[in-house]
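Residue-level structural notes
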Amino acid sequence: MDQSGVLLWVKAEPFIVGALQVPPPTKFSLHYLRKISTYVRTRATEGAYPRLYWSTWRHIACGKLQLAKDLAWLYFEIFDSLAVKTAEERLEWSEILSNCTSEDEVEKQRNQLSVDTLQFLLFLYIQQLNKVSLRTSLIGEEWPSPRNRSQSPDLTEKSSCHNKNWNDYSHQMFVYDHLSDLLELLLDPEQLTASSHSTNSSLVSREAVVALSFLIEGTVRRARNIYPLHELALWQPLHAESGFSKISKTFSFYKLEAWLRACLTENPFGTSACLKSGKKLAWAHQVEGTTKRAKIACNTHVAPRMHRMVVMSQVYKQTLAKSSDTLVGAHVKIHRCNESFIYLLSPLRSVTIEKCRNSTFVLGPVQTALHLYSCDNVKVIAVCHRLSISSTTGCIFHILTPTRPLILSGNHTVTFAPFHTHYPMLEDHMARTGLATVPNYWDKPMIVCREIRDTNIFRLLPPCEFYVFITPFEMEGDTTEIPGGLPSSYQKALGQREQKIQVWQKTVKEARLTKDQRKQFQILVENKFYEWLINTGHLQQLDSLVPPAAGSKQAAG
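Residues numbered from 1 in each chain as written. Predicted model: local features only at pLDDT ≥ 70, side-chain atom pairs only at ≥ 80, totals over all residues. Heavy atoms only, no water.

As for the packing of helix H2 (residues 30-42) against helix H7 (residues 117-126)
Geometrically, a packed helix pair is captured by the angle between its two axes and the distance between the axes. Two elements in contact, H2 and H7, have axes separated by 11 Å at closest approach and are oriented at 170°. Classified by the interaxial angle, the pair formed by H2 and H7 is roughly antiparallel. Residues Leu 30, Leu 33, Ile 36, Ser 37, Val 40 and Arg 41 of H2 form the contact with H7, whose participating residues are Thr 117, Leu 118, Leu 121, Leu 124 and Tyr 125. Grouping the amino acids of the contact of H2 with H7 by side-chain chemistry returns 8 nonpolar, 2 polar and 1 charged. (Axes fitted to C-alpha atoms, helices over the stretch in contact; angles between N-to-C directions. Helix = DSSP H or I, 4+ residues; strand = E, 2+ residues; numbered from the N terminus. Parallel < 35°, antiparallel > 145°, perpendicular 65-115°, else oblique. Contact = heavy atoms within 4.5 Å. Nonpolar A, V, L, I, M, F, W, Y, C, P; charged D, E, K, R; others polar.)

Concerning the packing of aromatic side chains
Counted by the stated rule, this structure contains 20 aromatic pairs. Ring centres of Phe 79 and Phe 123 lie 5.3 Å apart, and the angle between their planes is 45°; on these two criteria the pair is classed as tilted. Here Phe 79 is found in helix H4 (residues 69-82), whereas its partner Phe 123 is found in helix H7, with 44 residues between them in sequence. Judged by relative accessible area, Phe 79 falls into the buried class, the value being 6%. On the accessibility criterion, Phe 123 (0% relative accessible area) is buried. Aromatic side chains Phe 244 and Phe 251 sit 4.9 Å apart centroid to centroid with 50° between the ring planes, which places their arrangement in the tilted category. Each member of the pair, Phe 244 together with Phe 251, is buried. Taken together, the aromatic side chains of Trp 54, Trp 57, Trp 73, Phe 76, Phe 79, Phe 120, Phe 123 and Phe 214 make up a single cluster linked through ring pairs. Here the guanidinium or amino end of Arg 261 rests over the ring plane of Tyr 176, the centre of that ring lying 4.8 Å away. (Phe/Tyr/Trp six-rings, centres within 6.5 Å; stacked < 30°, edge-to-face > 60°. Buried < 20%, exposed > 50% of the residue type's maximum accessible area, 1.4 Å probe, protein only. Lys NZ or Arg CZ within 6 Å of the ring centre and 35° of its normal.)

Some points on the sheet that holds strand E5 (residues 216-220)
An order of E1-E5-E6 is seen for the 3 strands of this open sheet, with the pairing classed as antiparallel. Edge positions in the sheet fall to strand E1 (6-10) and strand E6 (227-228), since each of these pairs with one other strand and no more. Pairing geometry for E5 and E6, over 2 bridges, is antiparallel. Considered in E6, the bridge of Glu 217 is made with Pro 228. (Pairing = 2+ DSSP bridges.)

Some thoughts on the confidence of the model for the protein chain
Overall, the predicted model of the protein chain reaches an average pLDDT of 88, with 87% of residues at or above 70. Confidence over residues 136-161 falls short of pLDDT 50; this stretch has 41 contacts with residues more than four positions distant or in other chains. pLDDT under 50 marks residues 548-556. Its contacts with residues more than four places away, or in other chains, come to 12 contacts. (pLDDT = per-residue confidence, 0-100.)

Quick look at unusual backbone geometry
The linkage connecting Tyr 49 with the following residue, Pro 50, adopts the cis geometry, with an omega of 0°. Take Pro 50: it is sitting in the loop between H2 and strand E2 (51-53). For the peptide bond that leads from Val 438 to Pro 439, omega is -5°, which places it in the cis range. Despite not being glycine, Ser 374 shows a phi value in the positive range, around 55°. As for its position among the elements, Ser 374 is in the loop between strand E17 (366-373) and strand E18 (379-390). For Ser 374, a relative accessible area of 27% corresponds to the partly exposed category.

Looking at the sheet that holds strand E7 (residues 244-245)
One open sheet holds the 3 strands; their spatial order is E4-E8-E7, and the pairing between them is antiparallel. Only two strands of the sheet have a single partner each, and these edge strands are strand E4 (203-205) and E7. Note that E7 and strand E8 (residues 250-252) share 2 bridges and pair antiparallel. Residue pairing for E8: Phe 244 is matched across the bridge by Phe 251. This element, helix H14 (residues 253-263), spans E4 and E8 of the sheet and lies at about 75° to E8.

What follows is the structure in structure tokens.
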């Protein structure tokens, strides 16, 4: 660390939410991104710099990089979803889209959208986080380095390297190892050599360092306040170290890079810190000695609002239900949970569900991304801005989402179904996260990684298999029905079933059974129902809803 006591770290959110869990298009390599960097500056008057408009990006991505339009929009929209916007602005955009009656109208509205050009280039570059490296897959780890590369502790003994999106060690090393490339990408073309490299005399603009604040932030002498990178770099006492010249209003490339390398440290609000020194929550019941393994940690008592994190692991055979300030606006990771029912009924920032089996997850509205990785036989019920799935088998998704669900690699027998539950605070939570009921693309998934064998990779749940889901908790709030209602075919199926019940009740009534016959009949029906509960696994869910004894009350949090 340098003498000034400045600590810098790599922000987690651009990687957790922004890096798509799939190898990036080959055209996102540094070679092409440098070309884009030069191209946008020469077309500043055409909506390319300093703000990049959708129409210009579409032209670059489809015309020059040969990407499909859907994929070009996907990356543009993911980056846009990371931008700081109010819930009202997000709801307004949903309303504009829902009023569009044709694809042309949608395109016309999208043409109004723009993103920060330099930050967008950085965003495209960090997609390399999930690039498949032949070297790494052969040796299983990075090359050794003289720097102290201690692995981040995981909730299990093994390293969590496979999911780099949640591994702050991976984020830190990615930025550290590629710092020269990241800075060169932000340079004005005249500061580069003919082969697009920097020289010792290259100068970095103030705008470039502002853009780098998308990835890096920090603090001074462990102060409480967190500052974006550019505020620290431009701070008068640090000019000598950060290489800022008041005369040219630029930074020395050489000095800036050296200062960044000297100050980069572990993210104090990352997963590792959360697991090492975060508050441990006793949300899971200690039932029959089987759940000693359950671990739930959070950093919400120390972390600023945009850095909140809750990590939940190895919840086994139980129902866990929470609506808590601890969860509000948090990035949530649910890891290795098995045969459980987990209800997190608060507005959430992002959710990752990883290596879970035979479980049901009912989530409050997820403001950015909901991602499932390596899960088997899991049911997810959620309103979310975006759903993406990879390496899942036999999972069902009851979702309400304004973007197309993303089917990444390695999925089998995926079922999509309409969102089918509600809880009293749901609409209030949706308003707080800027999520509306329309448009809703639950039934229009996008296959991002098409594997040769997957002809029938997903299905839409047939209406005859559809039942509504009751969220069995009492709370304050005004929501009394499923937001946005159900698609007509599903509503009709429910109506027909309701009719059958009425016919059945009428038949029983008209049978004029004696008191003894009614008693016998009731026992018969109850036995059949109990049998069904056991066969379907619903008995465990009902049993686990019974409140714990007074002595084992859940800890608040």
